[in-house]
Amino acid sequence: METIELRRRVSSAHRKQGTEIIYELVYDNGHYGIECYTPNHMDRSYCYYHSISDDLQSVQKLFRLLYQKGVRPLHLADVIEDYYAC
């Protein structure tokens, strides 16, 4: 299994410091997935969406978009499903 990791701090209106969100692009069994979680955070959110596609370029594009927009783990699955529904 191979993993590429990106970290991002996302601010919210009710917190002085932002929440760190870690995104990982995971390659396993011929398919790419995305793992997203918030370490050291009181809600400790986690989501792993596996087997999105076997096409690295399409999953990398989605991975960058999720990172740029600061999508939280709670919403990851819905955003991925909506992204591929279009």
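What should I look at first to understand the overall build of the chain in this one?
Regarding its fold elements, the chain presents two helices and four strands. Sequence-ordered secondary structure for the chain, helices as α and strands as β, is β-β-β-β-α-α. Of all 86 residues assigned to the chain, the portion counted as buried reaches 36%. Nonlocal contacts in the chain, meaning residues at least 24 apart in sequence, comprise 39% of its contacts between residues at least 6 apart.

What is the right way to look at the packing of aromatic side chains in this model?
What describes a pair of aromatic rings is the distance from one ring centre to the other and the angle between the planes of the rings. Applying the stated criterion across every chain, the model contains four aromatic pairs. On the basis of an interplanar angle of 85° and a centroid distance of 5.9 Å, the ring pair of Tyr23 and Tyr67 is categorised as edge-to-face. Of this pair, Tyr23 sits in strand 2 (residues 19-28) while Tyr67 sits in helix 1 (residues 56-69), and the two are 44 residues apart along the sequence.

How should I be thinking about unusual backbone geometry in this particular structure?
Most peptide bonds take the trans configuration, and most residues that are not glycine carry a negative phi. You will see that Asn29, though not glycine, has its phi angle at about 55°, which is positive. Examined against the element boundaries, Asn29 turns out to sit in the loop between strand 2 and strand 3 (31-37). Residues other than glycine seldom take positive phi values, yet Ser51 does so here, at roughly 50°. With respect to the helices and strands, the residue Ser51 is situated in strand 4 (residues 46-53).

Help me out: how do you make sense of the environment of Thr38 in this one?
Locating Thr38 in the fold gives a position in the loop between strand 3 and strand 4. For Thr38 and Ile22, which are 16 residues apart along the polypeptide, the C-alpha to C-alpha distance reads 6.2 Å. One polar contact links the side chain of Thr38 to the main-chain amide nitrogen of Ser45, over a distance of 3.0 Å.

Looking at this model, I keep getting lost on the side chain of Ser45. Mind explaining?
Mapped onto the secondary structure, Ser45 falls in the loop between strand 3 and strand 4. Relative accessible area serves as the criterion here: at 18%, Ser45 is assigned to the buried category. Contacts of Ser45, omitting those with residues within four sequence positions, involve Cys36, Tyr37, Thr38 and Pro73.

Just checking my understanding: could you explain the packing of helix 1 against helix 2 (residues 73-85) for this structure?
In helix packing, the relevant descriptors are the interaxial angle and the interaxial distance, both defined with respect to the helix axes. Viewed as axis vectors pointing N to C, helix 1 and helix 2 meet at an angle of 130°, and their least axial separation amounts to 12 Å. Classified by the interaxial angle, the pair formed by helix 1 and helix 2 is oblique. Helix 1 and helix 2 meet at a crossing whose hand is right-handed. For the pair formed by helix 1 and helix 2, the contact residues are Ser58, Val59, Lys61, Leu62, Leu65 and Leu66 on the first element and Leu76, Val79, Ile80, Tyr83 and Tyr84 on the second. Its residues assigned to classes, the contact of helix 1 with helix 2 comprises nine nonpolar, one polar and one charged.

The rules behind the values
- Residues numbered from 1 in each chain as written.
- Predicted model: local features only at pLDDT ≥ 70, side-chain atom pairs only at ≥ 80, totals over all residues.
- Heavy atoms only, no water.
- Helix = DSSP H or I, 4+ residues; strand = E, 2+ residues; numbered from the N terminus.
- Buried < 20%, exposed > 50% of the residue type's maximum accessible area, 1.4 Å probe, protein only.
- Contact = heavy atoms within 4.5 Å.
- Phe/Tyr/Trp six-rings, centres within 6.5 Å; stacked < 30°, edge-to-face > 60°.
- Polar contact = N/O pair within 3.5 Å; in protein donor to acceptor, adjacent residues only side chain to side chain.
- Axes fitted to C-alpha atoms, helices over the stretch in contact; angles between N-to-C directions.
- Parallel < 35°, antiparallel > 145°, perpendicular 65-115°, else oblique.
- Left-handed = near helix turned anticlockwise from the far one by under 90°.
- Nonpolar A, V, L, I, M, F, W, Y, C, P; charged D, E, K, R; others polar.

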